[in-house]
Amino acid sequence: MNKKIAIIGSGNIGLSLAKGLVKANFAQATDITLTRRNTDHLKSFADVGFNISNNNKQAVADADVIILGVLPQQLNTVLDEIQTSIVQAKHLVISVISGVSCAAVREKLGDKVEVVRVMPNTAIAIGQSMTCIASDNASAENIADVTKMFETVGSVVKINEDLMTSATALCACGIAFFLRAIRAASQGGVEIGFHADEALKMAVQTAKGAADLLLLHGTHPESEIDKVTSPKGCTIAGLNEMEHNGFSSSLIKGIKLSALKAGNLYTKEG
Ligand SMILES: NC(=O)c1ccc[n+]([C@@H]2O[C@H](COP(=O)([O-])OP(=O)(O)OC[C@H]3O[C@@H](n4cnc5c(N)ncnc54)[C@H](OP(=O)(O)O)[C@@H]3O)[C@@H](O)[C@H]2O)c1
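This text gives an overview of the structure that appears in the document. (Residues numbered from 1 in each chain as written. Predicted model: local features only at pLDDT ≥ 70, side-chain atom pairs only at ≥ 80, totals over all residues. Heavy atoms only, no water.)

### Thoughts on the pattern of salt bridges
Across all of its chains, the model carries eight salt bridges by this definition. Close ionic contact of K4 with D31 constitutes a salt bridge, the shortest N to O distance being 3.0 Å. Of this pair, K4 sits in the segment before β1 (5-8) while D31 sits in the loop between α1 (12-23) and β2 (32-35); the two residues are 27 residues apart in sequence, bridging distant segments of the chain. By relative accessible area, K4 is classed as partly exposed at 38%. For D212, the salt bridge identified is with K208, shortest N-O distance 3.2 Å. Of this pair, D212 and K208 both sit in helix α9 (residues 196-217), four residues apart, which is roughly one turn of the helix. (Salt bridge = Lys/Arg side-chain N within 4 Å of Asp/Glu carboxyl O. Helix = DSSP H or I, 4+ residues; strand = E, 2+ residues; numbered from the N terminus. Buried < 20%, exposed > 50% of the residue type's maximum accessible area, 1.4 Å probe, protein only.)

Here is the structure:
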């Protein structure tokens, strides 16, 4: 990409993206400005060529693409601060902030500015994010650029904006749900005879294998499950016991509650 990028609020998500963009040769470090209030935490990035700053207004003025990476409750302050530096016809604004609509960003930055809303997850740190993107006014060209940008750090799906909070629950919160499932499996492993470290390693690799089977075969989970469940066998016995105890039901209910909470993040203070 031949454009200057400013990441306003360079924390976990912003820095993971910055690293991914450079690693994939999508942008040069020198074309990316990272901002946060405490720039001491960005020194190692300055050492490898990124521009670092605590001046959001200037960073926006110098960039073509603005990535908003602050927490939801920090957003209004930032939007008020950068508002006067936004040139609507020039800037593309990308927001990774949970629960904030494209329209809410435009309300502060101007009607004409193109806004793309993006929902990555923490696997962005290892280039394995499931990222959902949505926009109600960005051009096809800008959507394509944002897709390419986030493909440097994982997979991208374009969705309608009204499904963005659902994407937060399924993909961003989802990381924690699958991690808890892995932890529970490893605890089961300890009960049946393995040391904690080996049980965790076994559970992690088994979970990875299960996910990769679906990704590489493009199959439905049940068809892979059918391959493991022999009649009167031990897998179906364990699986049905889990279901009797609400395994699928608890995941579904948890995802529904997370989606409900995700919709309220921006309106809550602090
Ligand atoms: N973590 C996730 O799984 C995840 C997934 C999807 C989306 N998101 C969204 O991504 C956003 C960022 O999450 P995160 O985990 O990266 O948070 P984070 O690590 O707390 O990063 C936020 C950064 O914003 C900086 N900041 C705060 N106020 C600022 C200001 N006025 N000007 C410039 N920088 C400022 C903070 O640094 P200083 O305190 O030094 O300023 C911090 O580095 C959130 O809105 C979240 O909803 C997160």
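From this point, things continue past the structure.
### Notes on the layout of surface pockets
Within this model, the second largest pocket holds a volume of roughly 810 Å³. Mapped by element, the contributors of at least two residues to the lining of the second largest pocket are α1, α4 (75-82), α7 (164-172) and α12 (247-262). Split by residue class, the lining of the second largest pocket holds 14 nonpolar, 17 polar and four charged. Formed jointly, the lining of the second largest pocket draws a minimum of three residues from each of two domains, domain 1 (5-159) and domain 2 (167-269). (1 Å grid on protein atoms, 1.4 Å probe; cavity = no way out; pocket = protein on both sides within 12 Å on 5 of 7 lines; lining within 4 Å. Points joined across faces, edges and corners; volume = space filled by probe spheres on them. Nonpolar A, V, L, I, M, F, W, Y, C, P; charged D, E, K, R; others polar. Domains from an automatic or database assignment.)

### Section: the sheet that holds strand β5 (residues 92-95)
What the eight strands build is an open sheet, ordered β3-β2-β1-β4-β5-β6-β7-β8; its pairing is mixed. Two strands lie at the open edges of the sheet, namely β3 (51-53) and β8 (154-158), each paired on one side alone. Shown here is a sheet whose adjacent strand axes are inclined to one another by a mean of 20 degrees, direction ignored. Here β1 runs beside strand β4 (residues 65-68); their pairing, made up of four bridges, is parallel. (Pairing = 2+ DSSP bridges. Axes fitted to C-alpha atoms, helices over the stretch in contact; angles between N-to-C directions.)

Limitation: the analysis is restricted to geometry and does not speak to function.
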